[in-house]
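# What the coordinates show
Below, each chain spelled out in residue letters.
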Amino acid sequence: MSLFETEALILRSYNLSEADKIVLLLTEEHGLVRGVAKGAKRLKSQFGGSLEPFTIVKASIYQKETSELASIRHLELIRSYFGSASNPEFLHQFSYLVEMLIEFAPPNDPNERLYRMTKVCLESASENAGSLEIVGLYFEIWLLKLCGFLPDWSHCEVCRTEFSRDERSTLQMNFNLRCDKCKQSRADGTLTGQDREIMLSAQRMGPAKFIRTVENAASKNVSVILRRMIAHVLGREFANGKIVKAKGYS
Ligand SMILES: [Zn+2]
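Model, not experiment: these values are computed from the prediction. Each chain has its residues counted from 1, following the order in which its sequence is written. It should be noted that, the model being predicted, local features are given only for residues of pLDDT at least 70 and side-chain atom pairs only at 80 or more, the latter also being counted only at that level, while totals for whole chains, interfaces and linings use all residues.

## A word on the environment of valine 224
Stated formally: Numbering of helices and strands starts at the N terminus; helices are DSSP runs of H or I of at least 4 residues and strands are runs of E of at least 2. As a rule, residues whose C-beta atom has 12 or fewer other C-beta atoms within 10 Å are exposed, those with 20 or more are buried, and those in between are partly exposed; C-beta atoms are placed from the backbone.
Along the chain, valine 224 falls in helix H6 (residues 220-234). The class of valine 224 is exposed, set by 10 C-beta atoms lying within 10 Å.

## Focus on the sheet that holds strand S1 (residues 2-15)
For the record, the criterion: By the convention used here, strands pair only if DSSP detects at least 2 bridges between them. Every axis corresponds to a line fitted to the C-alpha atoms, with the helix fit spanning only the stretch in contact, and the corresponding angles, defined between N-to-C directions, vary from 0 to 180 degrees. The contact rule is simple: place each C-beta atom from the backbone, and if two of them lie within 7 Å, those residues are in contact.
The strand order around the closed barrel formed by five strands is S1-S2-S3-S5-S4, and the pairing between neighbours is mixed. This sheet shows a mean twist of 45° between the axes of neighbouring strands, independent of strand direction. As judged from the seven bridges shared by strand S2 (residues 21-27) and strand S3 (residues 31-37), these two strands associate in the antiparallel manner. Across the sheet, isoleucine 22 pairs through a bridge with valine 36, a residue of S3. In the packing of helix H2 (residues 112-127) onto the sheet, contacts are made with S1, S2 and strand S4 (55-63), and the angle to S2 comes to roughly 100°.

## Considerations on the domain arrangement of the chain
Operational definition: The split into domains, and so the bounds of each, comes from an automatic or database assignment of domains. Only Asp, Glu, Lys and Arg are considered charged in this grouping, and only Ala, Val, Leu, Ile, Met, Phe, Trp, Tyr, Cys and Pro are considered nonpolar; every other residue, Gly among them, is considered polar.
Split by domain assignment, the chain resolves into domain 1 (1-82) and domain 2 (86-250). The gap between the C-alpha centroids of domain 1 and domain 2 is 29 Å. Taken together, the contacts link 15 residues of domain 1 with 17 residues of domain 2. For the side of domain 1 that touches domain 2, the elements supplying multiple residues, two or more each, are S1, S2 and S3. Ranked by residues supplied to the side of domain 1 that touches domain 2, first place goes to S3 with four residues. Tallied by class, the residues present in the side of domain 1 that touches domain 2 amount to eight nonpolar, three polar and four charged.

## Some words on the sheet that holds strand S7 (residues 177-178)
Strand pairing in a sheet relies on backbone hydrogen bonds, with the paired strands running either antiparallel or parallel. If you walk across this open sheet you meet the three strands as S7-S6-S8, and the pairing is antiparallel. Edge strands, defined here as strands with exactly one partner in the open sheet, are S7 and strand S8 (190-191). Two elements, strand S6 (residues 169-171) and S7, share two bridges in a ladder whose sense is antiparallel. Bridged to threonine 170 within S7 is arginine 178.

In structure tokens, the structure reads:
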């Protein structure tokens, strides 16, 4: 049993009973936490507006080892991005990113870098409403990287030779790349130097700089491949930007 304080991002909240809500938070120090906010639905609740999705809070949380549900004792609002969510495109994009976070991040598994990456993406998207897709791409690349699923596109998977700037490479079924000398006939597409550079530059810079560097149109190929990687890892498909269960998958 322990009581801890941590910075956190409110991802979702649901009604639990007449007075209480269940809140899903991505915390800085304890990963995904699901907890009950007692009395949150009352008019004069101590939680006020701090339970809205996309709000950064300082949270006091009581977690029993034997229980999946924690108890949210206190929330102090640090910053709210709830206003940005009145833009339907922002809401659509971040609802998808939240869905992916929930799929990828195991509950109560601390991942500070994942928290900080999510927070900085939210910040960049709220300041650059026209770059939501690029922020989403940045988020997908880092989510895969931080969860250990991102292939290294800097070199050929067979001969390990680093690709030169404009060299063509072929995508394999396992999402690794091969150079022209090592390629097989069963390749799964071609990647240009520019495609690789988008993937590699996301890993070198913050989202604000990535937005200024990458054009929407140029990132389409990488974006399609990333969605396929994510679908492969999760064993699910996408439809209209939402993760859905694939046929025959249970
Ligand atoms: Zn090679």
